[in-house]
Amino acid sequence: MNKPIVLVVNDDGVTAPGIKALQEALAPYANIWVVAPERERSASGMALTVHNPIRFSAIADQWYSVTGTPVDCVFMAFDQILPSRPDWVITGINRGGNLGSDTLYSGTVAAAHEAALRGVRTMAVSCEAIHSEDSKKSSDGLYYETAGLVAAQLFESRDELNLPLGKILNVNVPSVPAT
């Protein structure tokens with residue numbers, strides 16, 4: 001059986017530690033394609049690039065950098081990069097939570113929203129800071145691996161979740177060590 005195609009997008013940029021943790025956590029369960037902004041585009045919401053050309057470049061196998069916003073990344077992935085329509089779009093792992101009004105500004109949630117508008121099941125994953133001292137945290141102080149593990153477990157049980165098309169599962173994971 002072929003693995004499902006999953007598009008991974010974020011708003012923290014293509015080199016952010018959260019996107020790498022998400023890609024690694026999902027790799028056993030899916031054919032992962034990463035398409036992310038070339039630089040941080042946090043709080044960009046549903047912004048689209050309309051007055052400048054958007055360019056993408058491959059930085060590794062199935063890993064692409066885009067000059068635009070997270071929503072631009074979804075457009076480029078669907079229309080230019082992916083070999084076929086993805087089965088899921090999973091965004092993040094965002095640095096910081098996306099709750100309440102933050103979801104209106106978040107590029108991570110916006111990318112998930114754009115995919116949902118295109119009729120794809122989506123999950124937005126964020127990692128919220130909890131104060132603790134530990135050498136296993138990333139350079140910015142978050143346990144992205146824990147959020148990745150939660151995302152992978154949810155994805156693995158996607159059939160039981162029965163998420164309707166056009167809906168977003170917004171997952172906020174506290175930054176704590178995985179147990």
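The coordinates are above.
Residues numbered from 1 in each chain as written. Predicted model: local features only at pLDDT ≥ 70, side-chain atom pairs only at ≥ 80, totals over all residues. Heavy atoms only, no water.

## Thoughts on the sheet that holds strand E4 (residues 63-66)
This is how it is decided: A pair of strands is considered paired only if DSSP assigns at least 2 bridges between the two. Think of it this way: any DSSP run of H or I at least four residues long counts as a helix, any run of E at least two long counts as a strand, and we number them from the N terminus. Axis definition: a line fit to C-alpha positions, over the contact stretch in the case of helices; interaxial angles, taken between N-to-C directions, run 0 to 180 degrees. By definition in these notes, contact holds between two residues if any of their heavy atoms fall within 4.5 Å.
The 7 strands lie next to each other as E3-E4-E2-E1-E5-E6-E7, forming an open sheet whose pairing is mixed. The sheet terminates laterally at strand E3 (56-60) and strand E7 (168-174), the two strands that pair on one side only. Each strand axis lies, on average, 25 degrees off the axis of its neighbour in the sheet, ignoring direction. As defined by bridge partners, strand E2 (residues 31-37) adjoins E4 across 4 bridges and the pair is classed as parallel. The residue of E4 that forms the bridge with Val 34 is Trp 63. Contacts from helix H5 (residues 144-156) reach strand E1 (5-9), strand E5 (88-95), strand E6 (121-128) and E7 within the one sheet, and its direction differs from that of E6 by about 155 degrees.

## Focus on the environment of Asp 72
Our working definition: Side-chain atoms alone can form a polar contact between residues adjacent in sequence; in general such a contact is a pair of N or O atoms within 3.5 Å, and within protein one must be able to donate a hydrogen while the other accepts it.
Along the chain, Asp 72 falls in helix H2 (residues 70-81). A C-alpha to C-alpha distance of 5.9 Å links Asp 72 and Leu 48, two positions 24 residues apart in sequence. Here Asp 72 is in contact with Leu 48, Thr 49 and Ile 54, once residues within four sequence places are set aside. Within the structure, the side chain of Asp 72 is placed 2.4 Å from the side chain of Thr 49, a separation counted as a polar contact.

## Description of helix H4 (residues 107-117)
Let me state the cut-off plainly: Exposure categories follow from relative accessible area, calculated using a 1.4 Å probe and restricted to protein chains: below 20% of the type maximum is buried, above 50% is exposed, and the middle band is partly exposed.
The buried count for H4 comes to 9 of 11 residues, which makes it a mostly enclosed element. Among all positions of H4, only Gly 107, Thr 108, Val 109, Ala 110, Ala 111, Ala 112, Glu 114, Ala 115 and Ala 116 are buried.

## Digging into the packing of aromatic side chains
Centre distance and the angle of the planes are the two values used to describe a pair of aromatic rings. Defined as follows: In this analysis, rings of Phe, Tyr and Trp, with Trp reduced to its six-membered ring, are considered paired at centre separations within 6.5 Å, and the interplanar angle assigns stacked below 30 degrees, edge-to-face beyond 60, and tilted for intermediate values.
Tallied over the entire structure, the rule returns 3 aromatic pairs. An angle of 65 degrees between the planes, with centres 5.9 Å apart, marks the rings of Phe 56 and Tyr 64 as edge-to-face. Under the relative-accessibility criterion, Tyr 64 is labelled buried at 15%. Ring centres of Trp 88 and Phe 155 lie 5.7 Å apart, and the angle between their planes is 85 degrees; this geometry places the pair in the edge-to-face category. Here Trp 88, found in strand E5, pairs with Phe 155, found in helix H5; they are 67 residues apart in sequence, far enough to count as distant.

## Brief notes about the packing of helix H1 (residues 17-26) against H5
Threshold: An angle counts as roughly parallel when it lies under 35 degrees, as roughly antiparallel when it exceeds 145, as roughly perpendicular when it falls between 65 and 115, and as oblique in every other case. Two helices that cross are described as forming a left-handed crossing if the nearer one is turned anticlockwise from the farther one by less than a right angle, and a right-handed crossing if clockwise. Polarity classes work like this: nonpolar for Ala, Val, Leu, Ile, Met, Phe, Trp, Tyr, Cys and Pro, charged for Asp, Glu, Lys and Arg, and polar for all others, with Gly in that last group.
Closest axis-to-axis distance for the H1/H5 pair is 8 Å, and the angle between their directions is 40 degrees. When the interaxial angle is binned, H1 and H5 end up oblique. Between H1 and H5 lies a crossing of right-handed hand. Contacts between H1 and H5 involve Pro 17, Gly 18, Ala 21, Leu 22, Ala 25 and Leu 26 from the former and Tyr 144, Glu 145, Gly 148, Leu 149, Ala 151, Ala 152 and Phe 155 from the latter. Of the residues belonging to the contact of H1 with H5, the class tally is 10 nonpolar, 2 polar and 1 charged.

## Some thoughts on the nonpolar core
Stated precisely, the cut-off is as follows: We call a set of buried Ala, Val, Leu, Ile, Met, Phe, Trp, Tyr and Cys residues a nonpolar core when their side-chain atoms join them within 4.5 Å.
With 28 residues, the main nonpolar core has Val 6, Val 8, Leu 26, Ile 90, Ile 93, Met 123 and Phe 155 as its most contacted residues. Of all the elements in the fold, those that place two or more residues in this core are E1, H1, E2, E5, E6, H5 and E7. Once you skip the residues sitting within four places of it in the chain, Leu 26 turns out to touch Val 6, Val 8, Ile 32, Ile 90, Ala 151, Ala 152 and Phe 155. Core analysis: the second largest hydrophobic core is formed by 18 residues, Val 74, Met 76, Ile 81 and Val 120 among them.

## Describing the side chain of Asn 94
Following the sequence through the fold, Asn 94 ends up in strand E5. Judged by relative accessible area, Asn 94 falls into the buried class, the value being 6%. A polar contact of 2.8 Å, which involves the side chain of Asn 94, links it to the backbone oxygen of Gly 96. If near-sequence neighbours (up to four positions away) are discounted, Asn 94 is found in contact with Asp 11, Asp 12, Thr 108, Val 125, Ser 126, Cys 127 and Tyr 144.

## Structural notes on the pattern of salt bridges
Heads up, the condition is: In what follows, salt bridge is the name for a side-chain nitrogen of Lys or Arg lying within 4 Å of a carboxyl oxygen of Asp or Glu.
Using the criterion set out here, one finds 5 salt bridges in the structure. Between Glu 24 and Lys 20 there is a salt bridge, with the nearest N and O atoms lying 3.6 Å from each other. Linking Glu 24 with Lys 20, this pair stays in helix H1, spanning 4 residues, or about one helical turn. Residue Glu 24 is classed as partly exposed on the basis of its relative accessible area, which comes to 47%. Lys 20 sits in the partly exposed class, given a relative accessible area of 38%. Arg 118 serves as the salt-bridge partner of Asp 79, at 3.7 Å between the closest nitrogen and oxygen. Of this pair, Asp 79 sits in helix H2 while Arg 118 sits in the loop between H4 and E6, and the two are 39 residues apart along the sequence.

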